[in-house]
Amino acid sequence: MSDSDSAIVSFDNVGLRYGTDSEVLRDISFTLYPGSFYFLTGASGAGKTSLLKLLYLAQRPSRGAIRMFGTDVITLPRGRLPEFRRRLGVVFQDFRLVPHLSAFDNVALPLRVSGVDEADVAKPVADMLDWVGLSHRHEARPATLSGGEQQRVAIARAVIGRPDLLVADEPTGNVDPEMALKLLRLFEALNRLGTTVVVATHDVHLLKKVPESLIMRLDKGRLADPTGVLRYPPRAGRGAEGGGA
Amino acid sequence: MSARPGLNRALRRGFAPFGGERAARLVPHARLAGPMPWVIAIMVALTVIAAAGGLALQNMADNARAELAGGATVQVLEALEQERERQAEAVEQVLSADPDVATYRRVPEAELEALLEPWLGVGATDSAVPVPALIDVRLRGVADLAAVERLQARLAEAAPGARVDAQSSWLGPVFGVIAALQWLAIALVALLALTSATAVWLAARSALGSNRNTIEIIHLLGGTDGQIARIFQRSIAQDALLGGIAGLAIGLAGMVVLARQFRQLGSGMVAGGGLAPVDWIVLGAIPLAGVVIATITARVTVLAALRKML
Ligand SMILES: Nc1ncnc2c1ncn2[C@@H]1O[C@H](COP(=O)(O)OP(=O)(O)OP(=O)(O)O)[C@@H](O)[C@H]1O
Ligand SMILES: [Mg+2]
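On a predicted model such as this, the values are computed, not experimentally measured, just so you know. (Residues numbered from 1 in each chain as written. Chains lettered and ligands numbered in written order. Predicted model: local features only at pLDDT ≥ 70, side-chain atom pairs only at ≥ 80, totals over all residues. Heavy atoms only, no water.)

## Considerations on the overall build of chain B
Right, on to step 1. Summing up its helical and strand segments, chain B has 10 helices and four strands in all.
Right, on to step 2. Across chain B, helices and strands are ordered from the amino to the carboxyl terminus as α-α-β-α-β-α-β-α-β-α-α-α-α-α.
Right, on to step 3. Residues classed as buried in chain B amount to 43% of the 310 residues present.
Right, on to step 4. Relative to all contacts within chain B whose residues are 6 or more apart in sequence, the contacts with residues 24 or more apart total 81%. (Helix = DSSP H or I, 4+ residues; strand = E, 2+ residues; numbered from the N terminus. Buried < 20%, exposed > 50% of the residue type's maximum accessible area, 1.4 Å probe, protein only. Contact = heavy atoms within 4.5 Å.)

## Things to note about the interface of chain B and chain A
Right, on to step 1. Contact residues are listed per partner, giving 27 residues for chain B and 26 residues for chain A.
Right, on to step 2. Roughly 2,500 Å² of surface becomes buried between chain B and chain A when both sides are summed, with 61% attributable to carbon and sulfur atoms.
Right, on to step 3. A per-residue breakdown of the area chain B buries against chain A is headed by L220, L221 and L310 of chain B, which together make up 33% of the total.
Right, on to step 4. Between R78 of chain A and D225 of chain B there is a salt bridge whose closest N-O contact spans 2.7 Å.
Right, on to step 5. Seen at the junction of chain B and chain A, the total is eight residue pairs in polar contact (both at pLDDT 80 or more).
Right, on to step 6. Secondary-structure elements contributing two or more residues to the side of chain B that touches chain A are α1 (4-14), α7 (212-220), α8 (225-265) and α10 (277-307) of chain B.
Right, on to step 7. Of the residues assigned to the side of chain B that touches chain A, the class counts are 13 nonpolar, eight polar and six charged. (Buried area = accessible area lost by both parts, 1.4 Å probe. Salt bridge = Lys/Arg side-chain N within 4 Å of Asp/Glu carboxyl O. Polar contact = N/O pair within 3.5 Å; in protein donor to acceptor, adjacent residues only side chain to side chain. Nonpolar A, V, L, I, M, F, W, Y, C, P; charged D, E, K, R; others polar.)

## Overview of unusual backbone geometry
All names here are of chain A.
Right, on to step 1. Positioned with a positive phi, D27 is a non-glycine residue whose angle comes to about 50°.
Right, on to step 2. Position of D27 among the secondary structure elements: in strand β2 (residues 25-32).
Right, on to step 3. On the basis of relative accessible area, D27 is assigned to the partly exposed category, the value being 30%.
Right, on to step 4. One non-glycine residue, R162, lies in the positive phi region at around 45°.

## Regarding empty space enclosed by the protein
Right, on to step 1. Tallied over the full model, the rule gives two cavities of 30 Å³ or more.
Right, on to step 2. Roughly 50 Å³ of volume is contained in the largest cavity.
Right, on to step 3. Forming the walls of the largest cavity are L54, L57, Q59, R60, P61, I66, V73 and I74 of chain A together with L310 of chain B.
Right, on to step 4. A per-class count over the lining of the largest cavity returns seven nonpolar, one polar and one charged. (1 Å grid on protein atoms, 1.4 Å probe; cavity = no way out; pocket = protein on both sides within 12 Å on 5 of 7 lines; lining within 4 Å. Points joined across faces, edges and corners; volume = space filled by probe spheres on them.)

## Concerning the site of ligand 1
Residue and element names in this part refer to chain A.
Right, on to step 1. Residues in contact with ligand 1, as listed here, are Y18, V24, A43, S44, G45, A46, G47, K48, T49, S50, Q93 and H202.
Right, on to step 2. One nitrogen or oxygen atom from the side chain of K48 is found 2.7 Å from an oxygen atom belonging to ligand 1.
Right, on to step 3. Here T49 contributes a side-chain N or O atom positioned 2.7 Å from an oxygen atom of ligand 1.
Right, on to step 4. In the complex, 62% of the free accessible area of ligand 1, which totals 640 Å², lies under the protein chains. (Near = heavy atom within 4 Å. Areas by Shrake-Rupley, 256 points an atom, 1.4 Å probe, with all protein chains shown as cover.)

## Some words on the coordination of the magnesium ion (ligand 2)
Right, on to step 1. Protein-derived ligands of the magnesium ion (ligand 2) are T49 of chain A (OG1) and Q93 of chain A (OE1), with the metal-ligand distances lying across 1.9 to 2.3 Å. Here the residue T49 of chain A occupies a position in helix α2 (residues 48-55), and Q93 of chain A occupies one in the loop between β6 (88-91) and α4 (103-113), the gap between them amounting to 44 residues. (Donors = N, O, S within 2.8 Å, 3.2 Å for Na, K, Ca; no water.)

## Section: the confidence of the model for chain B
Residue and element names in this part refer to chain B.
Right, on to step 1. Chain-level pLDDT for chain B is 76 on average; 79% of the residues reach the 70-or-more range.
Right, on to step 2. Mean pLDDT across the elements of chain B ranges from a minimum in α1, with 41, to a maximum in α7, with 89.
Right, on to step 3. With pLDDT under 50 throughout, residues 1-25 is counted as low confidence; its partners more than four residues away or in other chains account for 55 contacts.
Right, on to step 4. Interface scoring of the predicted complex returns ipTM 0.87; its pTM is 0.71. (pLDDT = per-residue confidence, 0-100.)

## A word on the packing of α4 of chain A against helix α5 (residues 122-131) of chain A
Residues and elements named next belong to chain A.
Right, on to step 1. Taken N-terminus to C-terminus, the directions of α4 and α5 make an angle of 125°; their axes are 10 Å apart at the nearest point. The angle between α4 and α5 places the two elements in the oblique class. Every pair of crossing elements has a handedness; the one defined by α4 and α5 is right-handed. Here α4 contributes A103, F104, V107, A108 and L111 to the contact with α5, which in turn contributes A122, V125, A126, M128 and L129.
Right, on to step 2. Its residues assigned to classes, the contact of α4 with α5 shows 10 nonpolar, no polar and no charged. (Axes fitted to C-alpha atoms, helices over the stretch in contact; angles between N-to-C directions. Parallel < 35°, antiparallel > 145°, perpendicular 65-115°, else oblique. Left-handed = near helix turned anticlockwise from the far one by under 90°.)

## Considering the pairing of strand β3 (residues 133-139) of chain B
Residue and element names in this part refer to chain B.
Right, on to step 1. Of all seven residues making up β3, five are buried, and the element is well covered by its neighbours.
Right, on to step 2. Here five bridges tie strand β2 (residues 101-106) to β3, and the two strands are oriented antiparallel to one another. Counterpart to T103 in the pairing with β3 is R138. (Pairing = 2+ DSSP bridges.)

## With respect to the nonpolar core
Residue and element names in this part refer to chain A.
Right, on to step 1. In this structure, F37, F39, V107, V125 and F187 are the most contacted members of the largest nonpolar core, which totals 41 residues.
Right, on to step 2. Broken down by element, the residue count for this core peaks at seven residues, all from helix α7 (residues 177-192).
Right, on to step 3. Apart from the residues lying within four places of it in its own chain, the contact partners of F37 are L184, F187, E188, N191, V197, V199, V210, E212, S213 and L214.
Right, on to step 4. Within the second largest apolar cluster, 40 residues are counted, among which are A7, I8, V14 and L76. (Core = buried A, V, L, I, M, F, W, Y, C linked by side-chain atoms within 4.5 Å.)

## Focus: the side chain of Q227 of chain B
Right, on to step 1. Along the polypeptide, Q227 of chain B turns up in helix α8.
Right, on to step 2. Q227 of chain B sits in the buried class, given a relative accessible area of 0%.
Right, on to step 3. Polar contacts involving the side chain of Q227 of chain B include one to the side chain of R86 of chain A, which spans 2.9 Å.

## Focus on the packing of aromatic side chains
Residue and element names in this part refer to chain A.
Right, on to step 1. Under the criterion given, the structure shown has four aromatic pairs over all chains.
Right, on to step 2. Ring plane angle 50° and centroid distance 5.4 Å describe the contact between F37 and F39, whose orientation is recorded as tilted.
Right, on to step 3. Overall, the relative accessible area of 0% leaves F39 in the buried class.
Right, on to step 4. Between the NZ or CZ atom of R87 and the centre of the ring of F69, over which it lies, the distance is 3.9 Å.
Right, on to step 5. Sitting over the ring of F92, R96 keeps its end group 5.5 Å from the ring centre. (Phe/Tyr/Trp six-rings, centres within 6.5 Å; stacked < 30°, edge-to-face > 60°. Lys NZ or Arg CZ within 6 Å of the ring centre and 35° of its normal.)

## Considering the UniProt feature "transmembrane region" (unreviewed entry) in chain B
Residues and elements named next belong to chain B.
Right, on to step 1. In the numbering adopted here, UniProt assigns the feature "transmembrane region" (unreviewed entry) to residues 38-57, 180-204, 240-260 and 280-306.
Right, on to step 2. Taken end to end, residues 240-260 is 100% helix and 0% strand, and its two terminal C-alpha atoms sit 30 Å from one another.
Right, on to step 3. Structurally, residues 280-306 is divided into 100% helix and 0% strand, and its ends, taken at the C-alpha atoms, are 40 Å apart. (UniProt positions renumbered as here; feature names shortened; annotations may be inferred.)

## Points about the pattern of salt bridges
All names here are of chain A.
Right, on to step 1. In total, this model carries 17 salt bridges over all chains according to the counting rule given.
Right, on to step 2. Between D164 and R87 there is a salt bridge, with its nearest N and O atoms 2.7 Å apart. You can see D164 sitting in the loop between α6 (147-159) and β7 (165-169) and its partner R87 sitting in the loop between α3 (81-85) and β6, a full 77 residues away along the chain.
Right, on to step 3. In this structure R87 comes out as partly exposed when scored by relative accessible area, which is 34%.

What follows is the structure in structure tokens.
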């Protein structure tokens, strides 16, 4: 148990089915450790987004146990979930920007939801928009932004609150390789500040760009390594659950 | 309806308890869809008019009833003028001795003449047509059937030509009409209230439906049910308030016009149909009730939608 206590997230034998269909995720067990950088790969339809939905508490698993920040989130009463969600940063595959709000206000959303004083909102948001190269578009509404620009707003919104766990679903799917790299650097910077990062992608080139990253591979709803041990590249003291090798 | 400043204000209000005025610029103003504020305005206007009508009728009936409660009329029906005069005086004597009678007044010939002139023509009372002598009586108690019969019995000997009527008895049918109109007003108010509530309910639901995505996003970013409900209930309450105030204004304008028409009737009875201060409070509460319904609807609807999410 000491393992999952120091873990930021642990899945134990998790399964997920939508409605009465067959399971899209099966026997998922893994552990995420604080400060690590994970890639989640797999073919389209392998279940990456489904797994991330469990991670960002948008979905309950059909079976299995999930612990997060040392707490069993499956049995947690609904009313306590917001405090857990506020410790997460999420880049949704479909961005999910609020259409009526400007880029600035979209990025400010997590801060305002968690009640950050308004005086402490403007500067971080402006800095973040600057980071993703959108300061000149801060007044723009999502509909008037390009796909890549929307994605960058979504990323800025996910990282603005310095989350404990960042979950990003194909965060570089709509940007050119140069911007992709830049965004990856942003995640790395956040990672160095202590945030655990999980990036789902099927862009294999991306994996090599973060040498310290660990890789989870989903294949038809199962983690490729049945023990769920993540060890790529193998590094002492990081992400290893011992076992497996 | 699409004013952006309103939107931003709503955002600020929405999250005000969570980090100051400007912290609330979170969610678009969940505007009631299209014509809904106007539908609400019309509903409120009709409700106000119907309620005002009902209350005015109530007051009118109350006033008339109070005024007429102790009122009775003694007519001396006697063809011969001298005999009529004698009997009328006899009646007055009996009345002056009767402890149940508060006051009485012989209606002067001139007044009677004026009263009858439109029907009988000038000078008619002088000659051909015998006109009864009229004595207005105000009893100490209620002029109910028993009291009238008692008075009739007392007068029978001294003035066989005297006939006593309670004033309310010949107004009986009028009271019947008033009562029927009042029930109609009550039924109208009930129906309109129901329809208004439904309109507000549907409007709130459609406003929330079109903002479902936003609700879900804020939910996933860690917004609590209470926070999210507050945003929507406030902006919908604001729209309902706008519609309600417009409706109240329209309704009051309608009432003023109606009241003027009634006043031109010049009847003392209609004059008793004004509104008391408490009635005005009731009318003013109608749009507020709309706001309350809208707020509760928005809250219930948002919370129900949220409960379906994890
Ligand atoms: N809401 C849903 N209801 C029913 N089935 C779903 C739902 N969401 C996903 N699925 C199914 O679950 C499987 C996994 O989907 P998921 O979105 O997790 O894949 P993915 O790995 O993210 O794919 P991609 O790389 O294309 O984004 C797919 O077969 C998909 O059709
Ligand atoms: Mg996906």
